[in-house]
Amino acid sequence: MDTFLFTSESVNEGHPDKLCDQVSDAILDACLEQDPESKVACETCTKTNMVMVFGEITTKAKVDYEKIVRDTCRGIGFVSPDVGLDADNCKVLVNIEQQSPDIAQGVHGHLTKKPEEIGAGDQGHMFGYATDETPELMPLTHVLATKLGARLTEVRKNKTCPWLRPDGKTQVTVEYQNENGAMVPLRVHTVLISTQHDETVTNEEIAKDLKEHVLNLLSHLSILMTRPFFTSILRAGLTGRKIIIDTYGGWGAHGGGAFSGKDPTKVDRSGAYVVRQAAKSVVASGLARRCIGRFLMQLARNDRHQSDLKRGGNFRYQKTAAYGHFGRDDPDFTWETVKLLKPKA
């Protein structure tokens, strides 16, 4: 058979890069909640016991940036120097400026303008992907890696595995068969879990608990134990460094633009949402088993993502910032709504 192996990885909400994505989107949400016309391009970086937010934000909202940073870190579980960051005592730095007026003149007023009158903040090209190999119409490797990571966070927060710490990564390799361009998964080949943990837990306890409470999503898998991961040093993190995890786990294509911290006039985000819906609709309509869509956006035009632009402050982008922007069973993820298509006669 014509088979091959493909690997996708995911990271938990406590990974430092994902921490940064969530802080950036939490700030975006706070701005949009008070002022739906807010223009936000917020970046976050972090290191041991330090978080900095910086970028360009133009808004009428009164935002306590430091409080948002601390609340987000606390919600993830960064509550002690032992885990690398203490939400209540860490250093928080804020360096926010207003959006460039050259960009602003094209995108301000997007809630009242006609679609053809709205400019884009930048040029770029975005890709969407869909496949019939899972009910979510997402790649199996990506779905499994993401669900295992989410489960790892769940058993940490509900104290099923109290020895877990926030940072973690999962990786899943699947053997596929190529059937005339359609990718058919045959078996799970390898699963790797890397998780931050307390000093007191033993390798035997880690293996037992992960098999019982996390890997029960899959069967007949073994765990390879490696070096300890109980450091209190937080690795450097930055917004937008997990764009493959945010999308399709390496399948399809990616235009290179990150999502988090950007309001929907930034086509890196909204254009990718639109083209995911298009690709998913093609597959769901039975017109293809796999679809890669491309959305080319030029600087002056931005008229293809009005459903996202009109959301104002009703949607919370922060919940997209961990465990993927696509394939989620959530009615607020409107780009996951299928529009059934009919082939031309």
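An unreviewed UniProt entry lists the protein under the name S-adenosylmethionine synthase, from Morella rubra. According to the UniProt record, the Subcellular location (unreviewed entry) comment for the protein reads "Cytoplasm". Turning to the protein, the UniProt annotation filed under Sequence similarities (unreviewed entry) states: "Belongs to the AdoMet synthase family."

K.L.:
Kindly report on helix α2 (residues 65-76), identifying the contributing residues and their values.
P.N.:
Residues lying three or four places apart along an α-helix face the same way, a consequence of the helix completing one turn every 3.6 residues. For α2, with twelve residues, the first-to-last C-alpha span of 17 Å sits near the 16 Å given by 1.5 Å per residue. Residues of α2 that are buried include every one of Y65, I68, V69, R70, T72, C73 and I76, and no others. Among the structural elements, α1 (16-34), β3 (50-58), β5 (85-86), β6 (91-97), α4 (140-157) and β8 (164-179) are those in contact with the buried residues of α2. Following α2 by one or two positions, G77 has its phi on the positive side, about 125 degrees.

K.L.:
I'd like a description of helix α7 (residues 267-284), backed by residues and values.
P.N.:
Under the 1.5 Å per step criterion, the end-to-end length of α7 is 25 Å for 18 residues, consistent within 8% with the ideal 26 Å. Of all 18 residues in α7, 14 are buried, a share of seventy percent or more. Backbone geometry just downstream of α7 places G286 in the positive-phi region, at approximately 80 degrees.

K.L.:
How would you summarise the sheet that holds strand β1 (residues 3-11) if you had to cite specific residues and measurements?
P.N.:
With antiparallel pairing, the three strands of this open sheet are ordered in space as β1-β8-β9. The sheet is open, and its two edges are formed by β1 and β9 (182-197), each paired on a single side. The mean angle between the axes of side-by-side strands here comes to 20 degrees, regardless of whether they run parallel or antiparallel. Of the pairings in the sheet, the one linking β1 to β8 comprises nine bridges and is antiparallel in character. Paired with S10 across the two strands is T170, which belongs to β8. Strands in contact with α4 are β1, β8 and β9; relative to β8, the strand with the most contacts, it is inclined by about 160 degrees.

K.L.:
Report on the pattern of salt bridges, specifying residues and quantitative values.
P.N.:
Think of it this way: side chains of opposite charge can pair up when their charged atoms draw near. In the structure shown here, the tally under the stated rule is 28 salt bridges. In this structure, the salt-bridge partner of E13 is R156, at a minimum N-O distance of 3.9 Å. Remark: R156 occurs in helix α4 and E13 occurs in the loop between β1 and α1; sequence separation between them is 143 residues. Side by side, E13 and R156 carry an identical accessibility label, which is buried. Of the charged contacts in the structure, one is a salt bridge between K319 and D332, with a shortest N-O distance of 2.8 Å. Note that K319 is positioned in the segment after α8 (306-309) and D332 in the segment after α8, a separation of 13 residues in sequence. We classify D332 as partly exposed; its relative accessible area is 34%.

K.L.:
Which residues make up the sheet that holds strand β2 (residues 39-47), and what values do they have?
P.N.:
Sheet architecture is open: four strands sit in the order β6-β3-β2-β10, paired in mixed fashion. Of all the strands in the sheet, the pair left with one neighbour each is β6 and β10 (237-238). With respect to the sheet, α1 is in contact with β2, β3 and β10, its orientation differing from that of β2 by roughly 150 degrees. α2 contacts β3 and β6 of the sheet and is inclined by roughly 130 degrees relative to β6.

K.L.:
Can you tell me about the side chain of D17, naming the residues and giving the values?
P.N.:
Take D17: it is sitting in helix α1. Residue D17 is classed as buried on the basis of its relative accessible area of 3%. In contact with D17, not counting residues within four places along its chain, are A236, G237, L238, R241 and K242.

K.L.:
Can you explain the confidence of the model for the protein? Please cite residues and give values.
P.N.:
Low pLDDT means the predicted atomic positions in that stretch should not be read closely. Predicted confidence across the protein gives a mean pLDDT of 86, with 83% of residues reaching 70 or more. Throughout residues 298-307 the model reports pLDDT below 50, and contacts reaching past four residues in sequence, or to other chains, amount to 33 contacts.

K.L.:
Quick rundown of the packing of α1 against α2? Include the residues and the values.
P.N.:
Axis angle and axis distance: for two packed helices, these are the angle between their axes and the distance between the axes, and together they describe the pair. Running from N to C, α1 and α2 cross one another at 135 degrees; their axes reach a closest spacing of 9 Å. Classed by the angle they form, the pair α1 and α2 counts as oblique. Read as a crossing pair, α1 and α2 show a hand that is right-handed. Counted together, L19, Q22, V23, A26, I27 and A30 of α1 and Y65, I68, V69, T72, C73 and I76 of α2 form the full contact between these two elements. Among the residues forming the contact of α1 with α2, the class breakdown is ten nonpolar, two polar and no charged.

The rules behind the values
- Just so you know, the residues in each chain are numbered from 1, in the order the chain's sequence is written.
- Confidence filtering applies because this is a predicted model: local features only for residues at pLDDT of at least 70, side-chain atom pairs given and counted only at 80 or more, and all residues used for totals across whole chains, interfaces and linings.
- Hydrogens are left out, water is left out, and the side-chain values use all remaining heavy atoms of the structure.
- UniProt positions are given in the numbering used here, feature names are shortened, and annotations may be inferred rather than shown by experiment.
- A run of H or I in DSSP becomes a helix once it reaches four residues, and a run of E becomes a strand once it reaches two; helices and strands are each numbered from the N terminus.
- One fewer than the residue count of a helix, multiplied by 1.5 Å, yields its expected span.
- A simple rule labels every residue: compare its accessible area, found with a 1.4 Å probe on the protein chains alone, to the largest value its type can have, and call it buried under 20%, exposed over 50%, or partly exposed in between.
- Residues count as neighbours in contact if any of their non-hydrogen atoms are within 4.5 Å of one another.
- DSSP bridges decide pairing: two strands pair if at least two such bridges lie between them.
- Lines fitted to the C-alpha atoms define the axes, with helices restricted to the stretch that makes contact. Angles between their N-to-C directions range from 0 to 180 degrees.
- The term salt bridge refers to a side-chain nitrogen of Lys or Arg lying within 4 Å of a carboxyl oxygen of Asp or Glu.
- Along the chain, pLDDT gives the predictor's confidence residue by residue, from 0 to 100.
- Here is the rule for angles: anything less than 35 degrees is roughly parallel, anything more than 145 is roughly antiparallel, 65 through 115 is roughly perpendicular, and the remaining ranges are oblique.
- Two helices crossing with the near one rotated counterclockwise from the far one by less than a right angle form a left-handed crossing, whereas a clockwise rotation gives a right-handed crossing.
- Think of it as three bins: nonpolar holds Ala, Val, Leu, Ile, Met, Phe, Trp, Tyr, Cys and Pro, charged holds Asp, Glu, Lys and Arg, and polar takes everything else, Gly as well.

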